[in-house]
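Descriptive analysis of the structure
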Amino acid sequence: MKITTVIKNAQIVKPLEKKIIAGEIGINGEKIVMVAKRIPKEHITAKTQILDAQGYLVFPGVVDAHTHTGIYAPLVQDALSESKAAATGGVTTMLNYFRTGQYYLNEGGSYSDFYPKVLKLSEGKYFVDYGYHLAPIQAKHIDEMEMLLKQYGMCSFKIFMFYGGYGLHGSTSQNSQRDFLMLDESDSYDIAHFEMIMRKAAELTKRYPKLADSISVSLHCELADILRAYTTMVQKENKLTGLKAYSAARPPHSEGLAIWIASYLANETNCPNINLLHLTSKKAVEAALTMEKVFPHVNFGKEVTIAHLLLDYDCEAACHAKVNPPIRSRQDVEYLWKQLLLGSIDWVVSDHACCAMEEKTAHGDHKDGANIWKSKSGFGGTEYLLSGLFSEGTKRGLSPNRVAALVSYNPAKRYGLTSKGDIAVGKDADLVFFNPKESFVVRGHASPSSAGYTPLEGIKLKGKVKTTMLRGKVIFNNDEVVGEPCGAYQFRPQKK
């Protein structure tokens with residue numbers, strides 16, 4: 001057996017095991033070919049590269065399954081800076097949500113024209129492997145879902161449930177929102193449209209049974225009618241400011257009600273796999289758990305973000321932490337942790353969306369929270385996903401193996417990344433050397449991200465990424481990203 005690289009002195013964290021395994025990892029080119037207590041000497045030659053993990057934990061590369069590269073900055077620029085930030089945090093694969101309409105490429109039209117442009121702009125610009133989830137915005141996009149699946153390995157589709165009648169950053173008119181989505185005159189972005197997306201996904205799972213497990217529909221669960229009504233009330237009463245006001249304007253029961261609707265549609269359409277994205281509150285998680293019991297034949301994927309696990313609406317970040325759905329109360333944060341520890345949450349992501357400082361604070365001092373309504377939504381965080389979950393999770397009894405499952409194995413399995421997510425023979429040699437004893441204070445200026453800030457500023461995390469390997473190649477080491485962008489587009493589901 002040819003082995004080109006050996007990782008020695010490793011504390012191997014396998015997501016499906018209960019204990020950490022002391023051993024060595026043998027790599028041939030881009031793939032793992034052996035995991036053993038000792039790699040036999042007969043497999044090691046003078047040309048074999050030996051890397052010493054120095055007794056650190058070795059995690060499988062992180063699969064950040066929810067990012068937004070190119071939303072506020074040109075895709076080429078964002079891919080370079082934000083994937084570099086991802087590599088510093090042990091992320092080796094980014095799955096980006098993308099769509100037609102304003103932001104991103106600021107183009108409408110068919111995906112047969114649009115998506116090749118996305119892929120051309122992406123090529124050679126990512127430091128980590130990458131893929132995309134696409135949102136069928138126009139009716140004609142639904143007819144293109146099969147083409148996207150077969151031609152581009154694009155098997156995960158998104159619905160923004162509030163987009164039909166409410167803006168990305170706050171309340172807006174119906175006509176403005178239609179312009180935002182660049183809809184044709186005959187298009188309506190509404191519940192009926194969502195139903196047709198699910199029907200098409202269900203049709204595809206029947207037509208391509210070998211791909212069925214990887215075909216899914218993901219939903220941002222908030223309802224425009226509730227958001228519009230509560231925003232009006234909160235602004236009129238003028239009793240709340242900052243993140244607390246924004247949470248009240250987009251209340252948790254809007255998430256819960258949207259989850260009920262989405263779940264019923266999945267049942268009605270026989271759509272087998274739906275993902276409930278970035279659950280933020282007790283009401284949202286309770287709704288998801290209830291729907292699982294009502295519709296046990298639907299495979300629910302339940303996601304939370306690291307920001308919603310680390311921040312509450314009383315934090316000092318104020319407008320820097322404006323995001324959809326909002327940062328919630330400390331009680332909601334604790335409930336998310338409770339359910340995560342019980343095994344009710346399936347994966348954790350960053351929802352990384354690099355939003356420049358001036359987009360957050362151009363309308364006044366962010367610290368007083370007075371301009372929360374004008375600040376843009378979203379922020380980065382992919383570089384803190386692994387350390388954040390490990391630091392806070394291990395305090396609460398979360399094992400390193402469970403951390404690996406939540407940020408690597410589970411999202412990889414759900415989204416058809418069959419060569420990712422584990423340290424096992426045949427998998428890509430995506431590895432993270434992680435010092436569980438080293439602490440650091442989060443500083444936005446220290447990240448390669450172009451944002452220059454983070455709502456996690458000043459938080460102390462225990463557990464630091466020391467080295468990141470992508471398909472057998474070191475891409476981050478000694479606090480520096482090394483080499484040129486070598487990330488590859490991931491056609492999904494990957495061939496086993």
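Coordinates for the structure precede this section.
Residues numbered from 1 in each chain as written. Predicted model: local features only at pLDDT ≥ 70, side-chain atom pairs only at ≥ 80, totals over all residues. Heavy atoms only, no water.

Let's talk about the packing of helix H10 (residues 282–294) against helix H12 (residues 330–342)
Interhelical geometry of H10 versus H12 gives an angle of 35 degrees and a closest axis separation of 8 Å. On the side of H10, the interface is formed by Lys 282, Val 285, Glu 286 and Leu 289, while H12 contributes Asp 332, Tyr 335, Leu 336 and Gln 339. Taken together, the residues of the contact of H10 with H12 sort by class into 4 nonpolar, 1 polar and 3 charged. (Axes fitted to C-alpha atoms, helices over the stretch in contact; angles between N-to-C directions. Helix = DSSP H or I, 4+ residues; strand = E, 2+ residues; numbered from the N terminus. Contact = heavy atoms within 4.5 Å. Nonpolar A, V, L, I, M, F, W, Y, C, P; charged D, E, K, R; others polar.)

Overview of the environment of Ile 159
When you line up the elements, Ile 159 lands in strand E9 (residues 156–160). A relative accessible area of 0% places Ile 159 in the buried class. Remark: the alpha-carbon pair of Ile 159 and Ile 191, spanning 32 residues in sequence, is separated by 9.9 Å. Once residues within four sequence positions are removed from consideration, Ile 159 is found in contact with Tyr 189, Phe 194, Ile 197, Val 217, Ser 218, Leu 219 and His 220. (Buried < 20%, exposed > 50% of the residue type's maximum accessible area, 1.4 Å probe, protein only.)

With respect to unusual backbone geometry
A cis geometry characterises the amide bond from Asn 324 onward to Pro 325, with omega recorded as -10 degrees. Counting through the fold element by element, Pro 325 comes out in the loop between helix H11 (306–310) and H12. With omega at -10 degrees, the peptide bond leading from Arg 492 into Pro 493 counts as cis. Here Pro 493 is to be found in the segment after strand E17 (480–481).

Details of the side chain of Thr 48
Along the chain, Thr 48 falls in the loop between strand E3 (31–36) and strand E4 (49–52). The exposure class of Thr 48 is buried, given its relative accessible area of 9%. Separated by 3.1 Å, the side chain of Thr 48 and the backbone oxygen of Ile 3 make a polar contact. Of note is the side chain of Thr 48, whose polar atom sits 2.9 Å from the backbone nitrogen of Thr 45. Those residues in contact with Thr 48, other than ones at most four positions away along the chain, are Ile 3, Thr 4, Thr 5, Val 6 and His 43. (Polar contact = N/O pair within 3.5 Å; in protein donor to acceptor, adjacent residues only side chain to side chain.)

Points about H10
Between its first and last C-alpha, H10 extends 18 Å over 13 residues, near the 18 Å set by a 1.5 Å rise per residue. Among the residues making up H10, those that are buried are Ala 284, Val 285, Ala 287, Ala 288 and Met 291. Angularly, the buried residues of H10 cover 155 degrees about the axis, an arc narrow enough to put them on a single face. Check the buried side of H10 and you find it contacts helix H9 (252–269), strand E11 (273–276), strand E12 (299–305) and H12. (Expected span 1.5 Å × (residues − 1). Arc of directions from axis to C-beta.)

The values are spatial; any link to function lies outside them.
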